[in-house]
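# Topology and contacts: notes
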Amino acid sequence: MAAAADLLAADADLPAAIKSRKSPQQLRAQGLVEAILEAAARILETDPAGFTTNHVAVLAGVSIGSLYQYFPNKDALVAALITRSQAEIVAAARAVAADPGAASLAGSITALIEAGLDHQLARPQLAVALDNAERALPVGAVVESARAAIAAALAGLLRHHGIADAQGCAEDLLVSARALIDQLAEQGISRDDMRTRVRRAMPAYLTGDGASAAR
């Protein structure tokens, strides 16, 4: 849960029905919550039709009462997984953008694409399940907080490399890359083919042609 620390403000805007009831403070409690979330993730990957709080508790090796101390229902579990997933991709994007002069614009954009692919393909079935859940659950505040953080990191890179309207270009690039990665992942395209197709879709950015990219 620590990885999601900078997204906790967005949690305040979520309906009470899908909020975590409390944050684990002690190491033992943190381990319990991580075990619950990992069990939930594994069920979503392998048996989404069997996704229930009882199934999660059994797989996690905890009592159902312990699960309910933190999560009121299965939607709250999914919301917590979405928050964790969003925090992970934000951290990856910020790591790439931390030193904008470390690589060319093409190199930095490629690194961001790789981070997105790594995130999507590390656990592809889970990624698809959470993408679907984002459309079904009222988790817009968390998703928007993460999107804005990634766009800000990307805009900083583009600005460093002299791209006009860096914020607008970052928003366009982020939307295009996310949509394409999600679509290709659902089609079962291989990682190498996904990387080639995402890079090919953004030639202006990857060649460092700021004038073209800004138009």
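Summarised in this report is the structure supplied together with it. These numbers come from a predicted model, not from an experiment.

## With respect to the layout of surface pockets
Where empty space is left becomes clear once a probe the size of a water molecule has been rolled over the atoms. As a volume, the largest pocket reaches approximately 800 Å³. Lining of the largest pocket is provided by 35 residues; of these, Ile89, Gly116, His119, Ile150 and Arg178 occupy positions nearest its centre. Secondary-structure elements contributing two or more residues to the lining of the largest pocket are helix 5 (74-97), helix 6 (105-122), helix 7 (124-136), helix 8 (140-160) and helix 9 (166-186). Classifying every residue of the lining of the largest pocket by side-chain character gives 21 nonpolar, 5 polar and 9 charged.

## Comments concerning the nonpolar core
Core analysis: the biggest nonpolar cluster contains 32 residues, and Ile36, Phe51, Val56, Phe71, Leu77 and Val78 have the highest contact counts within it. Residues in contact with Leu77, not counting those within four places in the same chain, are Ile36, Leu37, Ala40, Phe51, Thr53, Val56, Leu67 and Phe71. In this structure, Ala146, Ala155, Leu158 and Cys169 belong to the second largest nonpolar core, which totals 30 residues.

## Re the packing of aromatic side chains
Considering all chains together, one arrives at 0 aromatic pairs under this definition. The lysine or arginine in question, Lys22, covers the ring of Tyr70, its NZ or CZ lying 5.1 Å from the ring centre.

## Re the environment of Ala92
Residue placement: Ala92 occurs in helix 5. Classification of Ala92 as partly exposed rests on a relative accessible area of 26%. Spatially, the C-alpha atoms of Ala92 and Ile150 are 9.1 Å apart, while their sequence positions differ by 58 residues.

## Looking at the packing of helix 6 against helix 7
Across the interface, helix 6 lies against helix 7 with an axial gap of 5 Å and an inter-helix angle of 95°. Judged by the angle between their axes, helix 6 and helix 7 are roughly perpendicular. Packed against helix 6, whose contacting residues are Gln120, Leu121 and Ala122, the element helix 7 presents Pro124, Ala127, Val128 and Asp131 at the interface. In the contact of helix 6 with helix 7, the residues fall into 5 nonpolar, 1 polar and 1 charged.

## Notes on the pattern of salt bridges
Under the definition given, this model contains 9 salt bridges. As a salt-bridge pair, Glu134 and Arg178 come within 3.5 Å of each other at their nearest N and O atoms. Pair noted here: Glu134 is in helix 7 and Arg178 is in helix 9, with a separation of 44 residues, a long-range link. Note on Glu134: relative accessible area 17%, which makes it buried. Between Glu144 and Arg147 there is a salt bridge; the shortest N-O distance is 2.8 Å. In this pair, Glu144 and Arg147 both sit in helix 8, 3 residues apart, roughly one turn of the helix. A single salt-bridge network, built from bridges that share partners, covers Glu38, Glu45 and Arg123.

Rules and cut-offs
- Residues numbered from 1 in each chain as written.
- Predicted model: local features only at pLDDT ≥ 70, side-chain atom pairs only at ≥ 80, totals over all residues.
- Heavy atoms only, no water.
- 1 Å grid on protein atoms, 1.4 Å probe; cavity = no way out; pocket = protein on both sides within 12 Å on 5 of 7 lines; lining within 4 Å.
- Points joined across faces, edges and corners; volume = space filled by probe spheres on them.
- Helix = DSSP H or I, 4+ residues; strand = E, 2+ residues; numbered from the N terminus.
- Nonpolar A, V, L, I, M, F, W, Y, C, P; charged D, E, K, R; others polar.
- Core = buried A, V, L, I, M, F, W, Y, C linked by side-chain atoms within 4.5 Å.
- Buried < 20%, exposed > 50% of the residue type's maximum accessible area, 1.4 Å probe, protein only.
- Contact = heavy atoms within 4.5 Å.
- Phe/Tyr/Trp six-rings, centres within 6.5 Å; stacked < 30°, edge-to-face > 60°.
- Lys NZ or Arg CZ within 6 Å of the ring centre and 35° of its normal.
- Axes fitted to C-alpha atoms, helices over the stretch in contact; angles between N-to-C directions.
- Parallel < 35°, antiparallel > 145°, perpendicular 65-115°, else oblique.
- Salt bridge = Lys/Arg side-chain N within 4 Å of Asp/Glu carboxyl O.

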